[in-house]
Each structure stands twice: as structure tokens, then as C-alpha cells.
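Spelled out from the first residue to the last, the chains are:
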Amino acid sequence: MSRQALPFSVQIAFFVIGALLCLASLTSIGLVKSKPGHDYSELRQRIRTWWLIAGVFAAAVLFNRTVSVAVLGFVSFLAFKEYLSLIPTRRADHRVLFWAYLSIPFQYYWVWMGWYGLFIIFIPVYVFLLLPMRMILIGETQGFLRAIGTLHWGLMITVFSLSHMAYMLVLPAETNPAGGSMGLLIFLVVLTEMNDVAQYLWGKTFGRRKISPKVSPNKTVAGFLGGIATTILLAILAAPHLTPLSFNASLAAGALIGIGGFVGDVTISALKRDLGVKDSGSLLPGHGGILDRLDSLTYTAPLFFHFVYYLYY
Amino acid sequence: MLRLLFYALVVKPLVLIVLGIHVRNRSFLPNSGPAVIVANHNSHLDALALMSLFPLRIIPKVHPVAASDYFFKNKFLKWFALNVVGIIPIDRKPAQTNRNALSPLTEALDQGSIIILFPEGTRGQPEKMSKLKNGLGHLICERPIVPVIPVFFYGLGKSLPKGECILIPFFIDAFVGVPLHWEGSRQVFMQKLTERMTELQNKASTTDRIIDD
């Protein structure tokens, strides 16, 4: 609000998000009243979590750049912490993990400064080279490759990928007259979440053939295709109001978010299967962990960012 | 006052935000003393994490029991441990009989305190239990009405293990068990407690985190 007046389309977007959540809450209250025998506690809990996510998201975009970057950096911190708590780590790497954590404030500081060059190479190059060196100074070679591999993959997914969300907020607002500085991020997050919901609903209604039975037995071909189609449609409808995308570009962006969201989802599922947990934590009640909420965004955030960045910035 | 500020502004944010803790069966924790909480001991954070599970209004009544030989090593540490953390110091290797060594604990219990004890005696390997020391049995023998609540922590030994001074954030799981009561014999009581702790430990290693994906 300090940067400039909120663009009209952004006000509408928040109004729609609020209305959708109210609708969801009312529907679930109605269900509880009309069918007292059923247990809707999980649904109720999920909707409550959606309110929480929407609240955090609003706090992240509506104040100033410092608050936005700090909130999104904290989200990265929570995701990385959850990842490290799930994977096996070596006792010898205690101090290496400290340096890995320290990369989070640095990465988000580059975002805050708007230093694109360093933002884009800091974790893939410098942290990638630094952490193995720190491990070698400790000198434990048993399990070295596994330790450094899992650590860096986690940083890429939870810090590098997710920090693209924050960078969208510092891109020049003039390039996006319709949506202002926060239009792109709202577009990305709303579409990614709607894509998850659409894939779930299409799959529940028409899904028969499983798309990847070993990794994620609930995912079906119908859910995948229906979800992508829905997301493309939503992208075409929302893009003129929130983004600088042309008609063709918004069609491609919708497909990119649909496919990327699916791949991100099953990637985190594969991680959980490998580690033998079904739910990556219990931070958000009724929703599993924070990684489960961010799984699709770990793919859609960098993919959508670079798509838009290449075409328009 | 200093103590409440320490718990409200340092310990709670540290344990609840920097680390993050998930408690199962929190309702087994007592709302008032006298009571004894026992937990596995892997880190200096254990006592602080346990303290943070209590609401601020109860915290003045909750005291971790700690070894005087370790915490009275220097003046500052002694002042900090006694006045800010609020420990009850005990002598780990008492020269005379056990009764004298335990008297600070029985006094605290008589005043309605909730005390936190680590019956392993020292910080061990992460998430592994060593043999429980008998002092607890003697204490409960003297105050048989006091309930004993077992707690198993998973993850703190990774955050700040023995010998490290840098804290690494990890999510922590805490499993609170059904309160135990004195059953007439020290051996029976200690065996029951060991069994209960092992149960909680097994629960911790096969965490039931199942919803959907």
C-alpha cells in the first residue's frame, strides 16, 4: 500500500479470494448441519487452513517490499526446516547445516535489493560450491555424496525455487500496468492452488486410469487433463487483469502452471514415499506439512517466473 | 520477573518458532503441582522445550532439576541457572545418604511445584535412552501421591547435541505419556517407567503422520 494505490484488479482478486473462502466455509457449515452423522472435521480443518494461508499471503503482498520479502523468506525457512527434519542428516554436518540455513537470509536479501544477477546464481553456484568445501574441512567422507546431494536438492527446492515468488514482487511495476507489482504473484499462487483443487475434483469425478500408481495412487489421467484445461481457462480469464501476458502467452502460462503444478506435487510425493512418511509434517492442521502445501509452487514459481521474465522483462 | 521475560521473549519464540514443536497428548501435562515430569535427555534444549509447553502463568511453578557440578562451574552460569532458568540444583554424587541430596526436590514438591527431571542423569546419544537412575524412585517413594508424567522428545539431539554450541533448527516431536503413580516398590515403579518411556520412544520412531497427499 505504500508503493502505490492498489490496482483495481488486485482489489477484485482479493475480494474474489475472500468470497471463495466464505463460500467454502458456509458450504462446510451447511454440510455439518444437514448431515450430522458424517465426520466433516477434516474438511473444516482444511478450510480453516486455507484462511490461514490466504491471510499470510495477504500480509506478504499488501504491505511493503520489506514485509513481503521477510514473510516469503520465513516460508522458505519453514519449508527447508521441514525438509531437513524429514531427511536423514549426518551428525558430523551440524555446522554445514548452519551455513545452509544462513543462505536463506542472503538469498532473500538479494531479492530485497533487486540484484537479479546474484539472486539467480547464488544458490546454484556459490552455495553449491561452498557447502561441499565446508564438509571437507570437517573431513567425514562416509556418506559424503548422499549428504551433500540431499542438502543441495533441498536448498534448490525450498529456497531457490520459492524465492522466485518474492522476486516477482520486485520486478518493475511499470511493465505490468494491469496488475502492478503484485499481480504476477497473485496470478501464480491463485492459479497453482486452483490447479491443485481442479485436478482433485476432476480426478474424483471422472478419474479412472492412474497416471503414476507407484508415486501417487490418487492421481488420475482425467484429473491431470481436466486440471490443465481448467487452469488454462482461468489463466486466459485472469491474465489481462493481473499480468502483461498476451492471449497466446496466457494460454501457454496456464498449461505451464497446470503441468508444472502436477510435477511438483508428485515430486514431493516421491520424496515422502522414499522417506516412508505419508505427510511431511503437521504444521498446518488438516493439511499435512508446509511442504505439502508448497509442493506445486516449487515447480510453478520458477517456471512461470522465467517464462514471463524472458518474454516481458 | 526476569524469569518470565526470559521464557516469554526468548524461550517460547525459540522453541515454538525457530524450532517448531508438535506435541501429542498435551492434555496429560499437569495444570498444577505437585508433579514430576521425566524426559529423555539429549540436549540443553530439553528443559527449555519442556518449559515452553506450559502456559506463562504456570511457569513460575515449574522448575528443571539440574546438576550443580555442571551449572555452578562459574559465577555467571550459576546466577543465570538459578535466577533466570530457575533450576533446582542437586548434587549428582552425594557424599552422604541419598535423603539429603533429594531434600531440595521434596521441598519443592511440598510447595506445589512441577519439577522436571532427566532420570538418565546426563545427555546421551540423540534419541537413545540410557538406563534410568534410581534417584527418581527414591523421590517418589518419599512422596507417593505425586504423579509422574513421562515425555519423550525426538529431534532435540539433532538441534543442539552435546558438545555443540550452534543451534540448528529442526522440527521437534514431543510424546506425552499417561501419568504414572507409585505402586509400592521402587523396582516395580522404575520398571514401569522404563517400559512407558520405551513405548513412547517406539511411537516416536513410527510416527503416525497419515492423512493423504
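In case you missed it, the structure is sitting above this.
Residues numbered from 1 in each chain as written. Chains lettered and ligands numbered in written order. Predicted model: local features only at pLDDT ≥ 70, side-chain atom pairs only at ≥ 80, totals over all residues. Heavy atoms only, no water.

Some thoughts on unusual backbone geometry
Phi at Asn25(B) takes a positive value of approximately 60°, unusual for a residue other than glycine. Mapped onto the elements, Asn25(B) comes out in the loop between β1 (21-24) and β2 (35-39). (Helix = DSSP H or I, 4+ residues; strand = E, 2+ residues; numbered from the N terminus.)

A closer look at the packing of helix α3 (residues 65-86) of chain A against helix α10 (residues 290-312) of chain A
All names here are of chain A. With their axes 10 Å apart at the nearest point, α3 and α10 run at an angle of 115° to one another. In terms of orientation, α3 lies roughly perpendicular with respect to α10. Considering how the two elements wind past one another, α3 and α10 form a crossing that is left-handed. For the pair α3 and α10, contact is made by Val75, Leu78, Ala79, Glu82, Tyr83 and Leu86 and by Ile290, Leu291, Asp292 and Leu294, respectively. (Axes fitted to C-alpha atoms, helices over the stretch in contact; angles between N-to-C directions. Parallel < 35°, antiparallel > 145°, perpendicular 65-115°, else oblique. Left-handed = near helix turned anticlockwise from the far one by under 90°. Contact = heavy atoms within 4.5 Å.)

What about the pairing of β2(B)?
Residues and elements named next belong to chain B. In terms of residue burial, β2 counts as a mostly covered element, since five of its five residues are buried. Pairing analysis gives four bridges linking β2 to strand β5 (residues 114-117), with the strands arranged parallel. By the bridge assignment, isoleucine 37 is partnered in β5 with isoleucine 116. Two strands pair when backbone bridges link them, and β2 and strand β6 (residues 148-154) are joined in this way by four bridges, in the parallel orientation. Each bridged residue has a counterpart across the sheet, and for isoleucine 37 the counterpart in β6 is isoleucine 149. (Buried < 20%, exposed > 50% of the residue type's maximum accessible area, 1.4 Å probe, protein only. Pairing = 2+ DSSP bridges.)

A closer look at the side chain of Lys81(A)
Its place among the elements puts Lys81(A) in helix α3. We note that Lys81(A) is buried and unpaired, the nearest opposite charge coming from Glu82(A) at a distance of 8.7 Å. Setting aside anything within four residues of it in sequence, one finds Lys81(A) in contact with Tyr101(A), Ile17(B), Val18(B), Leu19(B), Gly20(B), Pro169(B), Phe170(B) and Phe171(B). (Lys, Arg positive; Asp, Glu negative; His and termini not counted. Salt bridge = Lys/Arg side-chain N within 4 Å of Asp/Glu carboxyl O.)

Quick word on the sheet that holds β1(B)
Residue and element names in this part refer to chain B. The sheet built from seven strands is open, its strands ordered β1-β7-β6-β2-β5-β3-β4 with mixed pairing. Lying at the two open borders of the sheet, with one neighbouring strand each, are β1 and β4 (88-90). On average, each strand axis in the sheet is inclined to that of its neighbour by 25°, with strand direction left out of account. Summarising the sheet, β1 and strand β7 (residues 172-176) pair through four bridges and their orientation is parallel.

Observations regarding the packing of aromatic side chains
Residue and element names in this part refer to chain A. For the structure shown, the criterion picks out 30 aromatic pairs over all chains. Between the aromatic rings of phenylalanine 98 and tryptophan 99, the centroid separation amounts to 5.8 Å while the plane-to-plane angle is 75°, which identifies the pairing as edge-to-face. Residue phenylalanine 98 is classed as partly exposed on the basis of its relative accessible area, which comes to 29%. Plain terms: the ring middles of phenylalanine 106 and phenylalanine 122 are 6.2 Å apart, the flat faces sit at 45° to each other, and that makes the pair tilted. Of this pair, phenylalanine 106 sits in helix α4 (residues 94-113) while phenylalanine 122 is found in helix α5 (residues 116-138), placing the two residues 16 residues apart along the sequence. What makes phenylalanine 106 partly exposed here is its relative accessible area of 38%. Members of the aromatic cluster, joined through ring pairs, are Phe106, Tyr109, Trp110, Trp112, Trp115 and Phe122. (Phe/Tyr/Trp six-rings, centres within 6.5 Å; stacked < 30°, edge-to-face > 60°.)

A few points about the environment of Phe57(A)
Residue position: Phe57(A) is located in helix α2 (residues 41-62). Beyond its immediate stretch of four places on either side in the chain, Phe57(A) contacts Phe14(A), Leu185(A), Ile186(A) and Val189(A).

Examining the nonpolar core
Within the largest apolar cluster, 80 residues are counted, with the highest numbers of intra-cluster contacts made by Leu185(A) and Phe304(A). Examining the composition of this core, we find that 14 residues originate from one element, helix α6 (residues 144-170) of chain A, more than from any other. With residues up to four places along the chain from it excluded, the contact list for Leu185(A) reads Phe57(A), Val61(A), Leu72(A), Met165(A), Met168(A) and Leu169(A). Ala39(B), Ala81(B), Phe118(B) and Ala174(B) belong to the second largest nonpolar core, which has 38 residues in total. (Core = buried A, V, L, I, M, F, W, Y, C linked by side-chain atoms within 4.5 Å.)

Observations regarding the packing of α4(A) against α6(A)
When two helices pack together, their arrangement is captured by the angle between the axes and the distance separating the axes. Residues and elements named next belong to chain A. One can describe the packing of α4 onto α6 by two numbers: an axis separation of 9 Å at closest approach and a directional angle of 15°. The orientation of α4 with respect to α6, classified from their angle, is roughly parallel. Taken as a pair, α4 and α6 cross one another with a handedness that is right-handed. For the pair α4 and α6, the contacting residues are Val96, Leu97, Ala100, Ser103, Ile104, Gln107, Tyr108 and Val111 in the first and Leu151, Leu155, Val159, Phe160, Leu162, Ser163, Ala166, Tyr167 and Val170 in the second. For the contact of α4 with α6, a count of residues per class yields 14 nonpolar, three polar and no charged. (Nonpolar A, V, L, I, M, F, W, Y, C, P; charged D, E, K, R; others polar.)

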